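Overview (structure and organization)
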Amino acid sequence: MIVSARVEGRPLTPALPYGLAIEAYGDDLQIVEPADRSFAGRLVLPFLAGRELRMFDLDVPSSGNFTVLDLEKLWEAGRDLASWRSRLALTSLEDAYAEPEAIGRARVLADWHALELCAFEAKRLLNSWPMRIGRELRWVPVGIGGGFEDLGYTEREVARVGYLSQHEGNTAVTRSARWFGRGERITLSAVSSLALEVTNLVQTTLGDADRQALSRITGPINHVGLLAAAPPHQADPDPSSWPPAFTRFAAACMRVLTELLARQRGDQAVPLLDTDELFEAWLAVTVRDRVSERLELATSVSEGAIASWETDAMTIDLRVKPAVGRSTDIAQDTFRALVASTLLPDVVLTATRGDFTEVAVLDAKAWAKMLPEDVLSESAKYLYGIRRVGSDRVPAITSVHIVSCAARPQLPSAADAKISFVHATPTAGEADMKSAVEDVLAALASAIERREQEASLLT
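Residues numbered from 1 in each chain as written. Predicted model: local features only at pLDDT ≥ 70, side-chain atom pairs only at ≥ 80, totals over all residues. Heavy atoms only, no water.

Across two bridges, the pairing between strand S13 (residues 296-297) and strand S14 (residues 307-311) is antiparallel. Note on S14: the bridge partner recorded for Leu297 is Trp309. Bridging between S14 and strand S15 (residues 314-320) involves five bridges; their strand directions are antiparallel. When the sheet's bridge partners are listed, Ser308 is paired in S15 with Asp317. Where S14 folds back on S15, the antiparallel hairpin that results is connected by two residues, among which Asp312 adopts a positive phi of roughly 50 degrees. (Pairing = 2+ DSSP bridges. Helix = DSSP H or I, 4+ residues; strand = E, 2+ residues; numbered from the N terminus.)

This part is about helix H9 (residues 372-383). Along its 12 residues, H9 runs 16 Å from first to last C-alpha, staying within 8% of the 16 Å computed at 1.5 Å per residue. Taken together, the buried positions of H9 are Asp374, Val375, Glu378, Ser379, Tyr382 and Leu383. The buried residues of H9 occupy an angular sector of 155 degrees when the element is viewed end-on, so they sit on one face. (Expected span 1.5 Å × (residues − 1). Buried < 20%, exposed > 50% of the residue type's maximum accessible area, 1.4 Å probe, protein only. Arc of directions from axis to C-beta.)

Glancing now at the nonpolar core. Nonpolar side chains in soluble globular proteins tend to be buried together. By size, the foremost hydrophobic cluster in this structure holds 45 residues, and its most contacted members are Trp282, Leu283, Val287, Leu349 and Met433. Contributing elements (two or more residues each) for this core: helix H1 (68-89), helix H8 (275-294), S14, S15, strand S18 (347-353), strand S19 (356-365) and helix H10 (430-458). Among the elements that make up this core, the one with the highest residue count is H8 (nine residues). In contact with Met433, other than residues within four places in its own chain, are Trp282, Leu283, Thr286, Val287, Val403, Val422 and Ala424. Counting residues in each nonpolar core, the second largest holds 37 residues, with Val44, Ile186, Val198 and Trp242 among its members. (Core = buried A, V, L, I, M, F, W, Y, C linked by side-chain atoms within 4.5 Å. Contact = heavy atoms within 4.5 Å.)

A few words now on the sheet that holds strand S16 (residues 328-330). Taken in spatial order, the three strands make up an open sheet running S16-S17-S20, and their pairing is antiparallel. Sheet topology places S16 and strand S20 (386-388) at the edges, where each strand pairs with a single neighbour. Averaged over all pairs of adjacent strands, the angle between their axes in this sheet comes to 40 degrees, without regard to strand direction. Relative to strand S17 (residues 333-337), S16 runs antiparallel, the two sharing three bridges. (Axes fitted to C-alpha atoms, helices over the stretch in contact; angles between N-to-C directions.)

Another point: the packing of helix H4 (residues 189-205) against helix H6 (residues 215-227). Each packed pair of helices is defined by two parameters, the angle between the axes and the distance between the axes. The geometry of H4 relative to H6 is characterised by a closest axis approach of 7 Å and an angle of 145 degrees between their N-to-C directions. Note that H4 runs across H6; the crossing there is left-handed. Residues Val191, Ser192, Ala195, Leu196, Val198, Thr199, Val202 and Gln203 of H4 form the contact with H6, whose participating residues are Thr218, Ile221, Asn222, Val224, Gly225 and Leu226. Its residues placed into classes, the contact of H4 with H6 shows eight nonpolar, six polar and no charged. (Left-handed = near helix turned anticlockwise from the far one by under 90°. Nonpolar A, V, L, I, M, F, W, Y, C, P; charged D, E, K, R; others polar.)

Next up, the structure:
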């Protein structure tokens, strides 16, 4: 996807978040997204008009089939999944959740991760501030070491500055011109303006209690804003020549500004979102909620899972993007990837009873269109590309469900092939998603029973 925009000023090209890039196109500039990612929402572009930092709102349409309400729910799902993971990270040894500290309730700052990333980049910048070696010219007495002697300058200027002496008809140079290096902290007005814009926007958004709670996060950002301020007469270099530390910090600032400013526009404006990534998060949250409607949460969460349930002496686990490599333990079994060094299915539901574990995959595809061959190839990647270590039984996966916002393609009957397609978005296909989760749970239970029966026949 390519988006074109015209602004009266100089854009801060390295400050775009999410891997976006600006490329020249004739006299204009184009914003190009990475080939493997898809974005939608409102992007806030910074540009310099003289020495003044200004913002320009650019609405990026969805390249998939997502409405504005879909985008809002995708964003909420991403926050929900991140919060759920953070909650699990606080689990104590007694499997009781620690009491999290409330650091704010403002809806416009419901997602703190962009602000935390900005603070992290600010601390990195403060700990290792980019420096330039300035050169200072000094007249140093002859015979004293140090510096780099500029013979040409000495010959031209020594008489003018009065460092010549006469003795018995001989002329001698008493001091020579030498250059000495000195470290100078690099300053950039644009980076200073971005940092101060972030802190000012956070300050005006939050109440007194929230501002105080966030002071440890906003403090480093504000400090960068003060240190990066350049003298009034000094112009910033072209952004393409900025040190990487400044570029990373500027991009982090832009992500915060994009989220805060978009939310201030009202409920119908969402910040620029990676729809591929958030569709995966939405699928994980949806599966978690659908399973929770049917089963009771377990008293503890299995290793590597984000949620666990118990039913009929079975443990059902939900995993998000587990990396299946050459030897990967999932519950009671060990799996290996055949078609790649590592496979990353988006959502995995497992059922474990005794020594047996069965695995089902649900894969999210935020594609505008899917052909029948797309569904079959994406399913086969997991269905036949993952095997149990020590067993050649195919397939090792109970089922694969492709969940997509694309319209359902014409597929042959694939029940025997253990492949299913579900058309769903955050605002459509709720009944189909519920039915798909029920089918997955039934297939897992049936597979466990079949393996138990086969094992009993061998004993």
